[in-house]
Amino acid sequence: MKPITRWFARGVVGALAAVLVLLLLPAGSAAAAQGEVVKAPLSELIAALPVEDEGPRAGYSRRQFNHWVDRDRDGCDTRAEVLLRDAVTAPQITGRCTITRDTGTWYSWYDESTQTSKVDVDIDHMVPLGEAWDSGAATWTAAEREGYANDLDDQRALLAVYDKQNQSKADRDPSEWMPPAASATCRYITDWVVVKVRWGLTVNQAEHTAIQRNASGCDDEEITVIRARSAPAALSAAVPKTRSDVQPSWFEPAA
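Residues numbered from 1 in each chain as written. Predicted model: local features only at pLDDT ≥ 70, side-chain atom pairs only at ≥ 80, totals over all residues. Heavy atoms only, no water.

**A few points about the overall build of the protein chain**
Within the protein chain, the regular secondary structure consists of nine helices and nine strands. The buried share among the 255 residues of the protein chain stands at 48%. Sequence separation of 24 or more characterises 74% of the internal contacts of the protein chain that already satisfy a separation of 6 or more. Per element, the accessible surface of the protein chain, about 12,300 Å² overall, is 52% carbon and sulfur. (Helix = DSSP H or I, 4+ residues; strand = E, 2+ residues; numbered from the N terminus. Buried < 20%, exposed > 50% of the residue type's maximum accessible area, 1.4 Å probe, protein only. Contact = heavy atoms within 4.5 Å. Areas by Shrake-Rupley, 256 points an atom, 1.4 Å probe, with all protein chains shown as cover.)

**Section: the pattern of salt bridges**
Charged atoms that come close allow side chains of opposite charge to pair. Throughout the structure, instances matching the rule amount to 13 salt bridges. In this structure, E146 and R71 form a salt bridge, with 2.8 Å as the shortest nitrogen-oxygen distance. Here the residue E146 occupies a position in helix α5 (residues 142-149), and R71 occupies one in the loop between α2 (42-48) and α3 (78-86), the gap between them amounting to 75 residues. When the shortest N-O distance is used, the salt bridge between E207 and K196 registers 3.0 Å. In this pair, E207 is assigned in helix α8 (residues 205-215) and K196 in helix α7 (residues 185-198), connecting sequence segments 11 residues apart. Of the residues examined, E207 reaches a relative accessible area of 0% and is grouped as buried. (Salt bridge = Lys/Arg side-chain N within 4 Å of Asp/Glu carboxyl O.)

**Details of α7**
Between its terminal C-alpha atoms α7 stretches 20 Å, which fits the 20 Å expected from 14 residues at 1.5 Å a residue. Taking burial as the measure, the 14 residues of α7 include 12 buried ones, the bulk of the element. For α7, the complete set of buried residues consists of T185, Y188, I189, T190, D191, W192, V193, V194, V195, K196, V197 and R198. Downstream of α7 by one or two residues, G200 has phi in the positive range, about 65°. (Expected span 1.5 Å × (residues − 1).)

**A look at the pairing of strand β5 (residues 105-108)**
A regular strand places its side chains so that they alternate between the two faces of the sheet. For strand β2 (residues 87-89) and β5, the ladder comprises two bridges, and the chain directions are antiparallel. Following the sheet pairing, T89 is matched in β5 by T105. Bridge analysis of β5 against strand β6 (residues 113-115) gives three bridges, and the strand direction is antiparallel. Looking at the pairing, S108 lines up with S113 of β6. Counting the residues in the hairpin turn of β5 and β6 gives four residues, including E112, whose phi is positive at 60°. (Pairing = 2+ DSSP bridges.)

This is the structure we're talking about:
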């Protein structure tokens, strides 16, 4: 059996298993809770993604996602935190968290380029804000959208990339845009799926098809994801959970 055929077969088996679990669930089963840990092969996570049509992008603006905040009040906002985390060579810092221009280096794995100035580096939301809005975030609370836009708890959610690649990507999903470097394909698809699962986001049919096509050439490794918010019931049922005691950093329980 050819590798692609074997990978597709595993995905089909995963999808059938997800359907079987759904059929065995009692009516009204609750969606997955924040903090639950999901562990499953990539093919099963892809098969379990809820596929829904995306309507017109009504009411969206980037202002709906309060981003680049300083959650821990250490003087570094989210952009600076990612720049410091992802730097290959650490930049110079003045004051509490001012990164000096033209110091430090960053490797952009989207295009295998190296940047030597922060002005040429963007912080990319793996799943862009507009795409997140279309995939479920339009119904979220302001706190959830802020948590999404500043998600430092999973390094796959935000990354430092060459600004021209981020601008080329814009708000497009994998059916419309993929990183130009062939070496980036599997990592990109895996991280895209991780963020969709982590935040309980849906995919449209074209996006799902593109994810499956690109992932067919990747190793079907087990992926671990900690949910940042409750997932749709279908996704909750389709993938295993191991514990439910991890809360996202943005989450503040009601007093």
